[in-house]
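Each chain, written out:
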Amino acid sequence: MTVRVLIAEDQGMMRDALALLLGLEDDLEIVAQVPTGAEIVAAALEHAPDVALLDIELPGRSGLEVLPELRAALPGCAVLVLTTFARPGYLRRAMEAGAAGFLVKDGPVEELAVAIRRAVAGERIVDPALAAAALHAGPSPLTDRERDVLAAALDGATIADVAARLHLSESTVRNHLSSAIGKTHTRNRIEAAQLARHNGWL
């Protein structure tokens, strides 16, 4: 049986290297490569991969954002999330969205090939150290709206800017920021946003 694989990776050199090395495996066929999150679902519907490798950090829409849509559009496609950032919150969000596995990019390609085969067989694949860290960190304390507000404030935007971006009143933004700061035990919105990003909650 040949396993059909889609690769979503924004860095051209990394994407080409993955495609080349995985393509050397007798039972793996790279059927699609995309550089942005927005292209994933359409490419998957066109090429019907058995496994999709999704980078988290993609232009426009992250792999984590697209994952639920891909699972809904193509339930038979197993999804492996690849990332440079071993953040526990990313792992938790990926698995809750239906990912078959979560792998850090610095592993050998042979391990990735094995993970692809295991995913097709219905197994879940997670780095043990990262799984332990995710359990220790616990779930995100933030609501969806608090997360949206913190993400909008990450670049140092003013409250007025955040309110305009999210179509909220400034008082609502202040309330969400205050709540997020309290939950993260930080001193201000910049620290709260940075901590949330570090933990993979954004």
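Structure: above.
Owing to the predicted nature of the structure, the values given are computational and were not obtained by experimental measurement.

Draft legend 1. Quick look at helix α4 (residues 88-96). Listed in full, the buried residues belonging to α4 are Pro88, Gly89, Tyr90, Leu91, Ala94 and Met95. Glycine 98 lies just past α4 and shows a positive phi near 105°.

Draft legend 2. Quick look at the sheet that holds strand β6 (residues 125-126). Strand order in this open sheet of 6 strands is β2-β1-β3-β4-β5-β6, and the pairing throughout is parallel. Each end of this open sheet is capped by a strand with a single partner; those strands are β2 (28-34) and β6. Here α4 sits on the sheet and contacts β4 (78-83), β5 (101-104) and β6; the angle it forms with β5, its principal contact strand, is near 150°. Here helix α5 (residues 109-120) sits on the sheet and contacts β1 (3-8), β2, β3 (51-55), β4, β5 and β6; the angle it forms with β4, its principal contact strand, is near 150°.

Draft legend 3. Geometry of the pairing of β1. Of all the 6 residues making up β1, 5 are buried; the element is thus mostly covered by neighbouring parts of the structure. The sheet contact formed by β1 and β2 spans 6 bridges and is parallel. The residue bridging leucine 6 from the neighbouring strand is alanine 32, located in β2. The parallel pair β1 and β2 is bridged by helix α1 (residues 12-23), and the resulting crossover is right-handed.

Draft legend 4. Expanded view of the environment of threonine 158. Position of threonine 158 among the secondary structure elements: in the loop between α7 (144-153) and α8 (159-166). Using a relative accessible area of 38% as the deciding quantity, one classes threonine 158 as partly exposed. Measuring from C-alpha to C-alpha, the distance between threonine 158 and glutamate 170 comes to 9.8 Å, with 12 residues separating the pair along the chain.

Draft legend 5. Quick look at the pattern of salt bridges. Applying the stated criterion across every chain, the model contains 13 salt bridges. For aspartate 27, the salt bridge identified is with arginine 117, shortest N-O distance 2.7 Å. Placement of the pair is aspartate 27 in the loop between α1 and β2 and arginine 117 in helix α5, with a sequence separation of 90 residues. A relative accessible area of 22% means that aspartate 27 is categorised as partly exposed. With relative accessibility at 29%, the residue arginine 117 sits in the partly exposed group. We note a salt bridge from arginine 61 to glutamate 69, for which the minimum N-O separation is 2.6 Å.

Draft legend 6. Spotlight on unusual backbone geometry. We note that alanine 48 has phi near 50°; this positive angle belongs to a residue other than glycine. Note that alanine 48 resides in the loop between α2 (40-47) and β3. When its relative accessible area of 42% is taken as the criterion, alanine 48 is described as partly exposed.

So, how was this worked out
Residues numbered from 1 in each chain as written. Predicted model: local features only at pLDDT ≥ 70, side-chain atom pairs only at ≥ 80, totals over all residues. Heavy atoms only, no water. Buried < 20%, exposed > 50% of the residue type's maximum accessible area, 1.4 Å probe, protein only. Helix = DSSP H or I, 4+ residues; strand = E, 2+ residues; numbered from the N terminus. Pairing = 2+ DSSP bridges. Contact = heavy atoms within 4.5 Å. Axes fitted to C-alpha atoms, helices over the stretch in contact; angles between N-to-C directions. Right-handed = clockwise from strand over helix to strand, strands pointing away. Salt bridge = Lys/Arg side-chain N within 4 Å of Asp/Glu carboxyl O.

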